Amino acid sequence: MTNPYETLPEEAFWKTGVATEGIFGIQNLWRSRWRLPSDAKIATYGSCFAQTISRALTARNMSWHNCEFGPRDMPDALAKAYNYGVFSARTGNIYTARQLLMWAQLAVTHPDKLPQPEIWEDHDGFRDSLRPAIEPRGFASLREARESRAEAVRAFRQSIRDSDVLVYTLGLTEGWENKDTGYPYAMCPGTTAGTFDPDLHVLKHYRFDMLIHQFQSAFDVFHKINPDLKIILTVSPVSPVATQSGQHILTAGMHTKSLLRAVASELTFNTPSIDYFPSFELVASPAARGIFYNQNLRTISAQGVDFVMGYFFEGLNLSGPLKYGTSAPVAPAPKPAKSAEDLACEELDLEAYAND
């Protein structure tokens, strides 16, 4: 051997790993680093793209761990409208690391020991600042809003405690917080709900070190709840709707995804219980030539979702023995995936402020 490149496999070179194969022929892209039970329970949270993973799991009769169900007699369509069965608990989208840390803190802290994030009253009723769109018409009373949040926190904790795997989709690096409490908002107050107060509501551009600290702090909490929990991170290939950075949205969007991708790598390198799945690369890399984006050049087509999830299930190692004594999941022919246009995304409310 004259140099160490002589013995590298084909996938180590762009020519043989990507250019020759083409996007549909890429081999050996990802293999999960753990051997999981064949009936492993999988929880999903994060940005809008995380919903494609929960849908794909249920379409394959796999053990997606849903811990918060709607009322027994509620029709499926109505349950979806009220955001049941979207994430493993009724949290709404958790776009930022700071939001995820907030949910982690709520899950392990007695309500009397931790001041609660705001609940706003508007003409539709009461809105939870952590999940302002969770109840389409708003809650009828402050008590109902608080009880619903408490149930979501309970279900969130249960999903972490009882799951074998958490899949979290990293979405945004811009967020809004309360200047006095430091508590995060799911959306800028005054957009989806609430009233914007420039003296109280502050914009945060989360930087690399801050993101590492927030994610690691949240994951430390999760591992206290469930020491055996495995975490799969993936960066959403869906671009941000808008930016308050002062940059063009194209530049700001690329900054967001690049930063989150670097953060995911750092977390993966440092922690054996964390892995990374390359959904962003499959959709947004030059190899894909943009073919998986919808006409708006932002959301992902149904074909793109199916393509990405094919690699996910091919690489997910579920060869371990049964853990829960149930039949091993059967993988039927996948139903056609729905486009990311059909996902529940509070962030889309920002499009209303764009001047066509």
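One structure accompanies this document, and this report is about it. Note that the coordinates shown come from a computational prediction; the quantities given were computed from them, not determined experimentally.

**Notes on the state of the cysteines**
Then comes step 1: Scanning the model with the defined rule gives 1 disulfide in all.
Then comes step 2: At a sulfur-sulfur separation of 2.0 Å, the disulfide partner of Cys 48 is Cys 345. Separated by 297 residues along the polypeptide, Cys 48 in the loop between strand S1 (42–46) and helix H2 (50–59) and Cys 345 in the segment after helix H9 (302–315) bring together distant segments of the chain. For the pair formed by Cys 48 and Cys 345, the shared burial category is buried.
Then comes step 3: Its sulfur unpaired, Cys 188 is 17 Å from the next cysteine sulfur, which belongs to Cys 48.
Then comes step 4: Overall, Cys 188 belongs to the buried group, its relative accessible area being 14%.

**Considerations on the packing of helix H6 (residues 208–225) against helix H7 (residues 249–270)**
Then comes step 1: One can describe the packing of H6 onto H7 by two numbers: an axis separation of 10 Å at closest approach and a directional angle of 50°. When the axes of H6 and H7 are compared, the pair comes out oblique. In this structure, H6 crosses over H7, and the sense of that crossing is right-handed. Seen from H6, the contacting residues are Phe 208, Leu 211, Ile 212, Phe 215, Gln 216 and Phe 219; seen from H7, they are Leu 259, Leu 260, Ala 262, Val 263, Glu 266 and Leu 267.

**Points about the sheet that holds S1**
Then comes step 1: Read from one edge to the other, the open sheet built from 4 strands follows the order S1-S4-S8-S9, with strand pairing classed as parallel. Pairing within the sheet leaves two strands with one partner each, and these edge strands are S1 and strand S9 (274–276). Shown here is a sheet whose adjacent strand axes are inclined to one another by a mean of 25°, direction ignored.
Then comes step 2: Note: strand S4 (residues 165–170) against strand S8 (residues 230–235), 6 bridges, orientation parallel. Residue pairing for S8: Tyr 168 is matched across the bridge by Leu 233.
Then comes step 3: Of the strands in this sheet, S4, S8 and S9 touch H7, which is tilted by about 140° from S9.

**Re helix H4 (residues 97–108)**
An α-helix turns once every 3.6 residues. As a result, residues three or four positions apart point the same way.
Then comes step 1: Helix length check: H4, at 12 residues, gives a terminal C-alpha distance of 17 Å against a target of 16 Å (1.5 Å per residue), a fit within 8%.
Then comes step 2: Residues of H4 that are buried include every one of Ala 97, Arg 98, Gln 99, Leu 100, Leu 101, Met 102, Trp 103, Ala 104, Leu 106 and Ala 107, and no others.
Then comes step 3: Residues of H4 that are buried in the fold lie against helix H5 (142–162), S4, strand S5 (174–178), strand S6 (184–185) and H6.

**Quick look at the pattern of salt bridges**
Then comes step 1: Counted according to the given criterion, the structure contains 10 salt bridges.
Then comes step 2: In this structure, Arg 127 engages Asp 122 in a salt bridge whose closest nitrogen and oxygen atoms are separated by 3.8 Å.
Then comes step 3: Take Arg 127: its relative accessible area is 8%, and that puts it in the buried class.
Then comes step 4: According to the relative accessible area criterion, Asp 122 is partly exposed, its value standing at 25%.
Then comes step 5: Residue Arg 154 pairs with Glu 151 through a salt bridge whose shortest N-O separation is 2.7 Å. Taken as a pair, Arg 154 and Glu 151 lie in helix H5 at a separation of 3 residues, close to a single helical turn.
Then comes step 6: By relative accessible area, which is 33% here, Glu 151 ends up partly exposed.
Then comes step 7: A network of salt bridges, in which partner residues are shared, links Asp 128, Arg 131 and Arg 149.

**So, the environment of Ala 133**
Then comes step 1: With respect to the helices, strands and loops of the structure, Ala 133 is situated in the loop between strand S3 (125–128) and H5.
Then comes step 2: When the C-alpha atoms of Ala 133 and Cys 48 are compared, they prove to be 13 Å apart, with 85 residues separating the residues in sequence.
Then comes step 3: Not counting residues within four places of it along the chain, the set of residues in contact with Ala 133 comprises Asn 83, Arg 127, Thr 192 and Glu 346.

What counts, and where the lines are drawn
- Residues numbered from 1 in each chain as written.
- Predicted model: local features only at pLDDT ≥ 70, side-chain atom pairs only at ≥ 80, totals over all residues.
- Heavy atoms only, no water.
- Disulfide = S-S within 2.5 Å.
- Helix = DSSP H or I, 4+ residues; strand = E, 2+ residues; numbered from the N terminus.
- Buried < 20%, exposed > 50% of the residue type's maximum accessible area, 1.4 Å probe, protein only.
- Axes fitted to C-alpha atoms, helices over the stretch in contact; angles between N-to-C directions.
- Parallel < 35°, antiparallel > 145°, perpendicular 65-115°, else oblique.
- Left-handed = near helix turned anticlockwise from the far one by under 90°.
- Contact = heavy atoms within 4.5 Å.
- Pairing = 2+ DSSP bridges.
- Expected span 1.5 Å × (residues − 1).
- Salt bridge = Lys/Arg side-chain N within 4 Å of Asp/Glu carboxyl O.

Limitation: the analysis is restricted to geometry and does not speak to function.
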